[in-house]
Structure formats: structure tokens, C-alpha cells
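Spelled out from the first residue to the last, the chains are:
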Amino acid sequence: MAKATKYIFVTGGVLSGLGKGITAASIANLLKARGLSVNLQKCDPYLNVDAGMLNPREHGECFVTKDGAETDLDLGHYERFLDEELTQSSSVMQGRVLLRVIEDERHGKYQGQTVQIVPHVMSAVQDFIKEASQGFDVHIVEIGGTVGDLESQSFVEAIREFGLRVGRDNCLYVHVVYLPYLGASHETKTKPAQNAVRELRGMGITPDVLVARSEQPAGRHAIGKLSMFSGVEPEAIALLPNAPSIYQVPLTLEDTGIADVICHKLGLKTKKADLNPWRDMVKRSMKTYDHTVRVGIIAKYMDNEDTYLCVFEALRAAGWWNNTNVDITWIDAEKLGDKTEAEVAAALQGVNGIVITGGFGTRGVEGKIKAAQYAMAHKLPCLGLCYGLQMSVIAAARAAGKMGANTTEVDADTKYPVITTMADQKGRENTGGTMRLGDYPCHLTAGSKAAEVYGTTKIVERHRHRYECNNDFRDQYESWGIRASGLSPDGRLVEVIEAIDHPFYVASQFHPEFKSRPNRPHPMFKGFVASMLQK
Ligand code: GLN
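Residues numbered from 1 in each chain as written. Predicted model: local features only at pLDDT ≥ 70, side-chain atom pairs only at ≥ 80, totals over all residues. Heavy atoms only, no water.

Undergrad: I'm lost on the overall build of the protein chain in this one. Help?
TA: Helix and strand counts for the protein chain come out as 19 helices and 23 strands. Here the protein chain has a C-alpha radius of gyration of 25 Å; the compact-globule value for 535 residues is 24 Å, and the two agree. If one aligns the C-alpha atoms of the protein chain with their principal axes, the spans along those axes are about 75 × 65 × 50 Å. Out of the 535 residues belonging to the protein chain, those deemed buried represent 57%. Considering only intrachain contacts with a sequence separation of at least 6, the fraction spanning at least 24 residues in the protein chain is 73%. Here the protein chain contributes 60 positively and 64 negatively charged side chains, and the mean placements of these two sets differ by 4 Å. (Helix = DSSP H or I, 4+ residues; strand = E, 2+ residues; numbered from the N terminus. Rg over C-alpha atoms; globule rule 2.2 N^0.38 Å. Buried < 20%, exposed > 50% of the residue type's maximum accessible area, 1.4 Å probe, protein only. Contact = heavy atoms within 4.5 Å. Lys, Arg positive; Asp, Glu negative; His and termini not counted. Charge placed at Lys NZ, Arg CZ, Asp CG, Glu CD.)

What follows is the structure in C-alpha cells.
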């Protein structure tokens, strides 16, 4: 008989933004390093069905899984820390749960019963958890929000009941709390954390493990006090002060011994953790290198790294791999749009290369096109991501005299619709669930820059877009100075373009950043950073 899956539930108390996601991902990392198969799942209290329609300015980047789920950015952390590709089942928003219950009701599945939060919604949440955990040694579930919020109550209740359903021995509850420091009295205070534990208890869950976050390192006496008031044994309390790099967190947690405590409590027999490769990566990530490359991010959402989180992580990882510091400068695409050629040159002065980011809608589009034109003409290394590819094609068309060339997303009546929707997408432009999402295979032209950086001609990458290169213009590309160097296997869709006779101008319809890992940076980003070093 297959061994029963063990469940770890990670909740948060006191306040939000404590790094609950990083904590869950770090525990996953430490268990995987012990040879266990581990899955991660995020339960979000939002009533959205997925993250596809959420504003990135408020919620940060929308992460896309290989099977095309549009998720919260925490899934990106999960993939980077676990180094596994996750699926839709790892992201459960409350809207998805309610949708399932309501659809079941409509389909007559409840056979006349009164459909209620308890037991029907509770059992639907548990089904989502159970389904995602199949086949794994350990399944880690992070509950979004803060315990005590009305919003997340049903998830908290569902995981309490889950303990009864699968047996308390098979479940472990980790509560992430916060220890504030009072400068005036030079003290770390545990009261808010005590209250947070009481709150969780009040909902019927006794935590097995506490992770106590603090800005400054808290003294060991905090453990004693927390233990006394919360009833959690001292060895099951991990202090987690702010780390210089998020990738340090698994190592800090390992030093607290908490992963062994977790394995012991769950009755998991494991081999010793092999953390050496991770340790090496963390060392490289914290090093200051002799070389620095300056990358301009041509973006519409300014100054909030969360909106382009995977892009930043991919650039940094590519820097470590190339033994170079990556210095990132924000360039406001919207402002660039009004600038003359000389002013664009001035704005891009001092950067060694640019990244043209993905995006939707009209804002910032002209600036992205101008930046693309500049990079093509002046042989400035450029990496285009999704909308970045579309802007590059427009830039090339316009530079070749097709004035007013555009995407129909921005100008439905353009004379030169070089980017447009495929026939089956027409009329569905502003709705959810109508995009090309997730993994698609792509064939690269042998000898192209893209094939060179990948070291292969057959790749699979993740997509999230509605518009495509218009095939009516494809035979003109060479005369515009670009080449379609990556196509869908049937040749119908352009997936990669590059500028001809350019040190590095590669743009993809897919988002390579989603597949980059701190320890295995993505070839496109590695190649881009390497090209800046050669200049
Ligand atoms: N707005 C473009 C499209 O829908 C690009 C999307 C993106 O950059 N992710 O095709």
C-alpha cells in the first residue's frame, strides 16, 4: 500500500506580509533536500476564480504554470524554491471553490440537500487539497491572509476539519507570527504573537510549530516566553529574522533544526539534507562581483519589483551565473513615448542593455516601441518579453517605413496590423480565460541566436497572451531587419524573433522568466547578460 501523504498547513498571524509564502517554500525546499517528494499549494481567500484579471499594480505579477493556470506570484516562489513545475491544482482561490460548489448544485449533484458553507464548501476545499496532494510524500498548503480575518475563515475551518479527515498524525500546523521590537525599551515583544496563537486556537487549531519573524534577530529568551504562553515546545519554535536574501531563508530555518522537528512530528524517516548546491547558490547570490551590467527595464508599472518579480529574479540569477552584478534601472515607458530620438538616446545612455517587458493595453506602448527601435538601430542588447516581442515587430515595421504599424490591441484600424488576434479569439478580447496560456512547444531555427543560447532547437515555454504576429506580414520581416527564429511546430505561430546582424536582440512571444531558477538561470537571460559583458 502506498504511504499516506503528510500535510503541512502554513497560516499567518499578527499581520500580513510576513513572508508566509517564502516560509512555506523554504520548508518545501528543506524536505525535498531530504529526499522527499513535496508539493505546494496556495489557498487564497479572494473571490476571484484565478489571478488572471487581478491588477498587477496591486497584486504583483500574475504567474503562469505549465498547464496554463494564472496564479498568485507566490507560485513563482514555490517553483524557484522547490525547483519543480507546479500545476493549476497548486493554486486555489476561494472563487474557484465557490464556483465548483455552485456548478455542482446546478448540475443536481446535491440531490435536494440544502447547500451550505458547512459542510459543502468545507468539503470542496478539502477535495481541492486532497486532489493536489495525490502521490506526494508531503503536501504543504499555505493559507493566504491572516487568521482572524473574516475572509480566510472558511479555509482555516476547512484545514481544521481536514485534520480529522486524514488523522491528526498526518497533519502539522505551522503558524507564522511576528515579534516586534521596541526601540525605547530595547525589547522584543511576544504579546502580539501570543494573541495570534490564541486566535488560531480559538478556531480549533493548536499549532505544532511556530515560525517567529522579526526585523532584528530576537534573543533566545523570546522562544522561552513564546513557548510558555503558546504551549508550543521550544524546539518547535524557529526564530526567523530578516534575511539579506530570500534564498537564505531555507538555510536559516535549517540551522534552527525546525525541519528535523517537522519530520519527527510527522513520523517521516528521511536521509540527511543535502543543501550544498543551494548553499553555493546563496553564496553566489550575495557576492559582489568585479563586473556590473546595467539593465534598463522598459516598464509601465514603475518601482514595484513585484509586478515583474520573475523578470528581476531571472536577471539576477543570470548575473550570478555570469559572475557579474546586475544593476537594474527603471525606465518609464510612458514618459519615453513622448520623447524625440535624441531624448530617447539620452534616457538609454549608460545602460548596457534593455528588457522590454510584457503588458496589456495602450499605456506605455509608444515608449516601448521607441526603445525597441533605438536598441535595434544602435545594436544595444535587448530582450523582449511577450508584449516586448510584439513591440519589436512594430518597431521594425515602422523603421522600414510602415508608419502607423501597430497591434490591433492598441489600434483596431491600423493600416498595418502586424500583430493581431487569431480568428478564434476575435470578439473575446476583454474576458477571462481566452488567452493562449501555459506550455507550448517551439522550434528554433538552427544557427539562430536563440538556438545558440538554448543549445538546442526544440524548446517548450510558457505563454500568456491573446495577440500573435500577423502571418500576412511575415515574408517582409527580413526586409525590416528581423527574422522569425522560433515557430510553433506547425509553423503557424511566430514564437521568437531576432534582429539580423545584431549582438543580441531576441524577443519571445512566451515568458522565459517563469522557468528561470536561482540555481538554473534561464538560457535567454544567461545569453542576454553574457552579451552585455561582451560589449
Ligand atoms: N498584450 C499582449 C497580448 O495579449 C501581450 C501580453 C503579455 O505581454 N503578456 O498578446
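Back to the write-up after that little detour.
Undergrad: I keep staring at the pattern of salt bridges and nothing clicks. Help me out?
TA: Oppositely charged side chains may form a pair once their charged atoms are brought near each other. Under the criterion given, the structure shown has 31 salt bridges. A salt bridge links D44 to K42; the shortest N-O distance between them is 3.8 Å. For R363, the salt bridge identified is with E334, shortest N-O distance 2.8 Å. Remark: E334 occurs in helix α13 (residues 333-336) and R363 occurs in the loop between β14 (353-356) and α15 (365-377); sequence separation between them is 29 residues. Exposure remark for R363: the relative accessible area of 30% places this residue in the partly exposed category. Looking at E334, the relative accessible area reads 37%, which means it is partly exposed. Three or more residues joined by partner-sharing salt bridges are found here, namely K20, K42, D44, D72, D74 and E142. (Salt bridge = Lys/Arg side-chain N within 4 Å of Asp/Glu carboxyl O.)

Undergrad: Quick question: what am I supposed to make of the site of the ligand here?
TA: Around the ligand, the neighbouring residues are G358, G359, F360, C386, Y387, Q390, E409, R464, H465, R466, Y467 and H511. Counting residues per element, the ones that place at least two in the shell around the ligand are α16 (387-399) and β19 (458-465). Among the residues forming the shell around the ligand, the class breakdown is four nonpolar, five polar and three charged. (Near = heavy atom within 4 Å. Nonpolar A, V, L, I, M, F, W, Y, C, P; charged D, E, K, R; others polar.)

Undergrad: I tried to follow the pairing of strand β15 (residues 382-385) on my own but got confused; where do I start?
TA: Successive residues of a regular strand alternate their side chains across the two faces of the sheet. Residues C382 and G384 line one face of β15 and the alternating positions L383 and L385 line the opposite face, and both faces are buried. Note that β14 and β15 share three bridges and pair parallel. In the strand pairing of β15, I356 is matched with G384. Between the parallel elements β14 and β15, the chain passes through α15 in a crossover that is right-handed. (Pairing = 2+ DSSP bridges. Right-handed = clockwise from strand over helix to strand, strands pointing away.)

Undergrad: What am I meant to see in the nonpolar core here?
TA: What tends to happen in soluble globular proteins is that the nonpolar side chains get buried as a cluster. Of all hydrophobic cores here, the largest spans 67 residues; its most connected members are I8, L31 and I140. At seven residues, helix α1 (residues 20-32) tops the list of elements feeding residues into this core. Sequence-distant contacts of I140, defined by excluding residues within four places in its chain, comprise I8, V10, A24, I27, A28, L31, V38, N39, L40 and Q41. In terms of nonpolar packing, the next biggest core, distinct from the first, is built from 41 residues, A375, M391, V418 and I482 among them. (Core = buried A, V, L, I, M, F, W, Y, C linked by side-chain atoms within 4.5 Å.)

Undergrad: Sorry, what's going on with the packing of helix α4 (residues 94-106) against helix α5 (residues 117-133) here?
TA: The packing of two helices is summarised by the inter-axis angle and the distance between the axes. Packing of α4 against α5 brings their axes to within 9 Å, and their N-to-C directions diverge by 115 degrees. Relative to α5, the element α4 lies roughly perpendicular. Between α4 and α5 lies a crossing of right-handed hand. Residues R96, V97, L98, R100 and V101 of α4 lie in contact with α5, whose contacting residues are H120, V121, A124, V125, D127, F128 and E131. Across the contact of α4 with α5, the residue classes break down as seven nonpolar, one polar and four charged. (Axes fitted to C-alpha atoms, helices over the stretch in contact; angles between N-to-C directions. Parallel < 35°, antiparallel > 145°, perpendicular 65-115°, else oblique. Left-handed = near helix turned anticlockwise from the far one by under 90°.)

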